[in-house]
Amino acid sequence: MKFLLSFFITIFLLFVYNGTFASDGTIDISFVTGTGFDGPINAIVKQQDGKIVIGGQFYNYNGTPSASIIRLNSDGSIDGSFTIGTGFNGAVTALGITSNGKIVAAGTFDDYNSNYSKGVVRLNSDGTFDPTFVTGGGISGARNFYTINAMVIQSDNKVILGGRFNGYDSNTVADIVRINTDGSFDSSFLQGGGFDNETFSLAIQPDNKIIVGGTFNGYDSNTVANIVRLNSDGTFDSSFSTGAGFSDKVSSIVVQSDNKILMAGPFTTYDGNSIPYLVRLNSNGSVDGSFNTSINFDGTINSAVIQSNGKIIVGGVFNNYGSTAVSHGIAQLTSAGALDSTFTIGTGFDFTPLAMLLDSNEKLIVGGDFGYYNGSTAVDIIRLNADPVVISSSGGGGHHSSGFLPSLVKIPTPAPTPINVSTSCAPLITSSIARGKKNNPEEVNKLVTFLNTHEGTSLLPDGIYGKNDIKAIKDFQTKYYKDIFSPFLKNKVTGIVGYYTRFKINELNCSKK
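The structure displayed is predicted, hence computed values, not measured ones. (Residues numbered from 1 in each chain as written. Predicted model: local features only at pLDDT ≥ 70, side-chain atom pairs only at ≥ 80, totals over all residues. Heavy atoms only, no water.)

Caption draft 1: Spatial organisation of the overall build of the protein. Within the protein, the regular secondary structure consists of five helices and 38 strands. The buried share of the protein, reckoned over its 513 residues, is 52%. Counting contacts in the protein only where the partners sit at least 6 residues apart, residues at least 24 apart contribute 46% of the total. (Helix = DSSP H or I, 4+ residues; strand = E, 2+ residues; numbered from the N terminus. Buried < 20%, exposed > 50% of the residue type's maximum accessible area, 1.4 Å probe, protein only. Contact = heavy atoms within 4.5 Å.)

Caption draft 2: Unusual backbone geometry, seen in detail. In this structure, Ser-114 is a non-glycine residue whose phi angle is positive, near 70°. Within the element layout of this structure, Ser-114 appears in the loop between strand 9 (111–112) and strand 10 (115–116). Positive phi is not limited to glycine here, since Tyr-277 has a value of about 75°. With respect to the helices and strands, the residue Tyr-277 is situated in the loop between strand 26 (273–274) and strand 27 (278–281). Owing to a relative accessible area of 15%, Tyr-277 belongs among the buried residues under this scheme.

Caption draft 3: Fine view of the packing of helix 2 (residues 441–454) against helix 3 (residues 467–479). Following both chains from N to C, one finds helix 2 and helix 3 inclined at 55°, their axes separated by 11 Å at the closest point. As far as their axial angle goes, helix 3 and helix 2 are oblique. Regarding helix 2 and helix 3, the two cross each other, and that crossing is left-handed. Contacts between helix 2 and helix 3 involve Leu-447, Val-448, Phe-450 and Leu-451 from the first element and Asp-469, Ala-472, Ile-473 and Phe-476 from the second. Residue classes in the contact of helix 2 with helix 3 are distributed as seven nonpolar, no polar and one charged. (Axes fitted to C-alpha atoms, helices over the stretch in contact; angles between N-to-C directions. Parallel < 35°, antiparallel > 145°, perpendicular 65-115°, else oblique. Left-handed = near helix turned anticlockwise from the far one by under 90°. Nonpolar A, V, L, I, M, F, W, Y, C, P; charged D, E, K, R; others polar.)

Caption draft 4: Examining the nonpolar core more closely. Judged by nonpolar contacts, the single largest core of 40 residues is most densely connected at Leu-364, Ile-382, Leu-447 and Ile-505. Among the secondary structure elements, those contributing two or more residues to this core are strand 33 (352–358), strand 34 (364–369), strand 35 (372–373), strand 37 (381–384), helix 2, helix 3 and helix 5 (499–511). For this core, the leading source of residues is helix 2, giving five residues. Residues within four places of Ile-382 in sequence aside, it is in contact with Ile-27, Phe-31, Phe-349, Leu-364, Ile-365, Val-366, Phe-370 and Tyr-373. Counting 17 residues, the second largest nonpolar core, distinct from the first, contains Phe-291, Ile-295, Ala-304 and Leu-333. (Core = buried A, V, L, I, M, F, W, Y, C linked by side-chain atoms within 4.5 Å.)

Caption draft 5: A look at the pattern of salt bridges. Overall, the coordinates contain 20 salt bridges when judged by the stated rule. The partner of Asp-369 in a salt bridge is Arg-502, with the nearest N and O atoms 2.9 Å apart. You can see Asp-369 sitting in strand 34 and its partner Arg-502 sitting in helix 5, a full 133 residues away along the chain. On the accessibility criterion, Arg-502 (1% relative accessible area) is buried. Through salt bridges that share partners, Asp-28, Asp-359, Lys-363 and Arg-383 make up one connected network. (Salt bridge = Lys/Arg side-chain N within 4 Å of Asp/Glu carboxyl O.)

Caption draft 6: Region of interest: helix 5. Compared with the 18 Å implied by 1.5 Å per residue over 13 residues, the 18 Å span of helix 5 between its first and last C-alpha is a close match. For helix 5, the tally of buried residues reaches eleven of 13 residues, placing the bulk of the element in the interior. For helix 5, the complete set of buried residues consists of Tyr-499, Tyr-500, Thr-501, Arg-502, Lys-504, Ile-505, Asn-506, Glu-507, Leu-508, Asn-509 and Cys-510. (Expected span 1.5 Å × (residues − 1).)

Caption draft 7: Molecular detail of the pairing of strand 34. The buried fraction of strand 34 amounts to six of the six residues, a majority that puts the element mostly inside the structure. Taken together, the six bridges between strand 33 and strand 34 define a ladder with antiparallel strand orientation. Bridging from a neighbouring strand, Thr-352 pairs with Asp-369 of strand 34. Between strand 33 and strand 34, which pair antiparallel and follow one another directly, the connecting turn spans five residues, one of which, Glu-362, has a positive phi of 65°. Bridge analysis of strand 34 against strand 37 gives four bridges, and the strand direction is antiparallel. Among the inter-strand pairings, Ile-365 is bridged to a residue of strand 37, identified as Arg-383. (Pairing = 2+ DSSP bridges.)

Caption draft 8: Summary view of the packing of aromatic side chains. Within this structure, the stated rule accounts for 14 aromatic pairs. Both rings, one in Phe-246 and one in Tyr-270, keep their centres 4.6 Å apart while their planes meet at 45°; by these two values the pair is tilted. Taken together, the residues span a long stretch of sequence, with Phe-246 in the loop between strand 22 (227–230) and strand 23 (252–255) and Tyr-270 in strand 25 (residues 269–270) at a distance of 24 residues. For Phe-246, a relative accessible area of 4% gives the class buried. According to the relative accessible area criterion, Tyr-270 is buried, its value standing at 1%. When the ring of Phe-297 is compared with that of Phe-318, the centres are 4.4 Å apart and the planes differ by 35°; the resulting orientation is tilted. Within this pair, whereas Phe-297 is found in the loop between strand 27 and strand 28 (301–306), its partner Phe-318 is found in the loop between strand 29 (312–316) and strand 30 (320–321), the two being separated by 21 residues in sequence. Members of the aromatic cluster, joined through ring pairs, are Phe-37, Phe-58 and Tyr-61. Stacked on the ring of Phe-200, the Lys or Arg Lys-249 has its end atom at 4.4 Å from the ring centre. Seen from the ring of Phe-351, Arg-502 lies directly overhead, with NZ or CZ sitting 4.4 Å from the centre. (Phe/Tyr/Trp six-rings, centres within 6.5 Å; stacked < 30°, edge-to-face > 60°. Lys NZ or Arg CZ within 6 Å of the ring centre and 35° of its normal.)

Take it as geometry only, folks, not as evidence of what the structure does.
Written out as structure tokens, the structure is:
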């Protein structure tokens, strides 16, 4: 009986979709993640063998302990040959892979499996600590605070880091540094006075010039606005003319095969012209006139990837493109920057995608700080089919991608609606909060206010997620352990305000309204 029911449902759907494209962005059900992560993902890189390395602010994946880094097989299962021991004691915010398969991780940590390494470390291909990469005192910052937002690895395996920091192993730097293959400071990278503010994105061109984006107004006494190109030796490249530059942060940079440069971020103008959130530049810094300069999303774009067919997938915080509703947090554009209407994937993400990667099969791996995708459970990671599927009753001429068809008949798990909670109540906490992360002060203060009101604490709303706040969240997680951690079979609380902790806070907050 069940077989007949499934058969008729499938036949019905085949008629419904007869002769049409199934939407790009359907869930790839061959990538099995179980209960997913218990904290957000910041970085994803792929190895030549198809395995993927993931870094973030998590303690567990699918019930298995893994502190801030893990390697998955191509089917989403844990790669047991990747041995990390106790892992990191802080967040991993950037990852890179060298030409010989070693893995470089950067973030707000100073220990990896009982090996001291502050801010940056290199691992062997099996996950063990690489003692030949000697970083000395590592990364440092004002008042011992620093962030690392971006990493690129050159063809010679030197590592470039960008973020907010002022030193590397006792050498003075300003928000950018290049590290030799043995971990030593690369003094041949002539940054001079460096940047006057934080860097957020990095990209290397085929000619080894380095494009840097961020929230800065100067580089080594040269006036620039949130974007600059450096020569391979770190000096300012005056041939890259950006005029008045960007009005706000450049979050993502992608260099195309034709050397044109795609840039995304919360900016609204470039060189004085209204160009919101996404722009493509020519190799000399001028605007590419063949690309749509009126990207009309109602929120910002944080990241972008380019498919082999030239189409662009963007991730961010948006719901609409002009008057057209699009899926929350993700959309596809044509190679000319127009909205691709064939990319219709329902409601999209409930919260924010932070990292995207196209694997070797052009499938899209998305990591971030979310719990659902188009109504189906997907905790902080998911893989989507990126190529369209054509279903044709003619039996020929259709483009079928192996393994894609079952996603058409998948019945999604609905997102839970808490009892006695108004669905119109806006979430109180909308982003993750964790020790060592550059948290949003407003989010931290909202969290503190909630804890003081609901849990009777007496925390100081100073915008900083300090030790007293962490203790209060751990107490909260202990109190609501069953609701927050039972999916992960965990034996300890984390102090990370991840998806399920946030969900419980928002549930309790809404129940009082």
